[in-house]
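Spelled out, the chains give:
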Amino acid sequence: MAAEPGSSDREAVLDELRRLRTRMPQLTGALAAGVDGLVVAHDCPGVDPEGLAALTAAELGVAVRVSDATGKGELRELLVRGDDGYVATYAAGRSAVLTLLAEDRVNVGRLHLEGRRAAARIGEMVDAAEAAAKALRPARSTVTRTRSTRTPRTSTSTDARTATDS
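As a starting point, this report considers the structure included with it. In this text the structure is predicted, and so the values were computed from the model without any measurement.

### Remarks on the overall build of the protein chain
Working step 1: On a plain count of helices and strands, the protein chain comes out with 3 helices and 5 strands.
Working step 2: Tracing the protein chain from N to C terminus, the helices and strands come up as α-β-β-α-β-β-β-α.
Working step 3: Sorting the 166 residues of the protein chain into buried and exposed places 35% on the buried side.
Working step 4: Carbon together with sulfur atoms contributes 51% to the accessible area of the protein chain, which is approximately 11000 Å² in total.

What follows is the structure in structure tokens.
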């Protein structure tokens with residue numbers, strides 16, 4: 001993300017992740033991250049959130065290229081199934097993603113339903129936080145710099161020398 005959300009924004013995202021995990025007991029972890037691979041908020045015990053966020057960004061980059069190359073439009077979600085469960089990644093607004101870790105016995109249809117809804121809410125929160133942060137920053141074009149004119153130096157002695165003159 002270009003602008004990091006403040007602590008109240010992070011808490012709101014974390015609350016959403018916790019509610020999601022409460023609604024779906026088969027979830028073993030939930031992570032919101034920027035598309036740049038930085039963690040926004042996480043509730044994923046036993047998993048390194050920074051590592052997962054970085055891997056999610058890499059996975060997202062490849063998936064976007066596959067989606068573009070096949071003419072399937074803008075990437076919306078990605079599902080990986082392993083022997084012991086699922087990793088589902090959903091686009092969350094303009095600059096964030098939601099990654100969910102689930103047990104193998106999860107209802108995949110419900111995982112998608114809940115994941116899409118949560119991603120939409122998280123995307124709204126992150127996008128709003130970025131817009132607020134951007135509004136607080138001064139625009140570069142409105143800052144005007146002026147230079148003062150310099151007064152030429154005059155020497156009191158014609159033989160004045162500096163250490164670099166010798």
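After that view of the structure, there is still more to cover.
### Things to note about the nonpolar core
Working step 1: V13, L27, Y90, L98, L100, L111 and I122 are the most contacted members of the largest nonpolar core, which totals 24 residues.
Working step 2: Those elements that provide at least two residues to this core are α1 (7-23), β1 (27-34), β2 (39-43), β4 (85-92), β5 (96-103) and α3 (108-136).
Working step 3: Top element by residues in this core is α3. It accounts for 5 residues.
Working step 4: With residues near it in sequence (within four places) discarded, I122 still touches V13, E16, L17, A32, A92 and L98.
Working step 5: Membership of the second largest hydrophobic core comes to 9 residues, among which are A33, L52, A53 and L60.

### What about the layout of surface pockets?
Working step 1: Of the pockets and cavities examined, the largest pocket occupies roughly 360 Å³.
Working step 2: Around the largest pocket, the lining comprises 18 residues; the ones closest to its centre are L75, R76, A91, A92 and G93.
Working step 3: Looking at side-chain class alone, the lining of the largest pocket contains 11 nonpolar, 2 polar and 5 charged residues.

### Thoughts on the side chain of D127
Working step 1: Note that D127 resides in helix α3.
Working step 2: Here D127 is in contact with G93, R94 and S95, once residues within four sequence places are set aside.

### Here's the deal with the sheet that holds β4
Working step 1: Pairing within the open sheet is antiparallel, and its 5 strands lie in the order β2-β1-β5-β4-β3. Of all the strands in the sheet, the pair left with one neighbour each is β2 and β3 (77-82). Strand-to-strand twist in this sheet, taken as the mean axis angle between neighbours without regard to direction, amounts to 10°.
Working step 2: With 7 bridges connecting them, β1 and β5 associate as antiparallel partners. In the sheet register, A32 faces β5, and the bridge partner there is L98.
Working step 3: Contacts from α1 reach β1, β2 and β5, with the element oriented near 35° to β2.
Working step 4: In this fold α3 packs onto β1, β2, β3, β4 and β5, with an angle of close to 35° to the strand it touches most, β4.

### Focus on the pairing of β2
Working step 1: Bridging between β1 and β2 involves 4 bridges; their strand directions are antiparallel. In the sheet register, L31 faces β2, and the bridge partner there is H42.
Working step 2: With antiparallel pairing between neighbouring strands as the criterion, β1 and β2 make up a hairpin whose turn holds 4 residues, including G37 at a positive phi of roughly 90°.

### Let's talk about helix α2 (residues 49-69)
Working step 1: Across its 21 residues, α2 extends 30 Å between first and last C-alpha, which sits within 8% of the 30 Å expected from 1.5 Å per residue.
Working step 2: For α2, the set of buried residues is P49, L52, A53, T56, A57, L60, A63 and S67. What you see down the axis of α2 is that its buried residues fit within an arc of 140°, all on one side. Within α2, the exposed residues directed more than 90 degrees away from the buried face are E50, L55, V62, R65 and A69.
Working step 3: In the core, the buried residues of α2 are packed alongside β1, β2, β3, β4 and β5.
Working step 4: Two residues or fewer past α2, G71 is found with a positive phi of approximately 70°.

Criteria and cut-off values
Residues numbered from 1 in each chain as written. Predicted model: local features only at pLDDT ≥ 70, side-chain atom pairs only at ≥ 80, totals over all residues. Heavy atoms only, no water. Helix = DSSP H or I, 4+ residues; strand = E, 2+ residues; numbered from the N terminus. Buried < 20%, exposed > 50% of the residue type's maximum accessible area, 1.4 Å probe, protein only. Areas by Shrake-Rupley, 256 points an atom, 1.4 Å probe, with all protein chains shown as cover. Core = buried A, V, L, I, M, F, W, Y, C linked by side-chain atoms within 4.5 Å. Contact = heavy atoms within 4.5 Å. 1 Å grid on protein atoms, 1.4 Å probe; cavity = no way out; pocket = protein on both sides within 12 Å on 5 of 7 lines; lining within 4 Å. Points joined across faces, edges and corners; volume = space filled by probe spheres on them. Nonpolar A, V, L, I, M, F, W, Y, C, P; charged D, E, K, R; others polar. Pairing = 2+ DSSP bridges. Axes fitted to C-alpha atoms, helices over the stretch in contact; angles between N-to-C directions. Expected span 1.5 Å × (residues − 1). Arc of directions from axis to C-beta.

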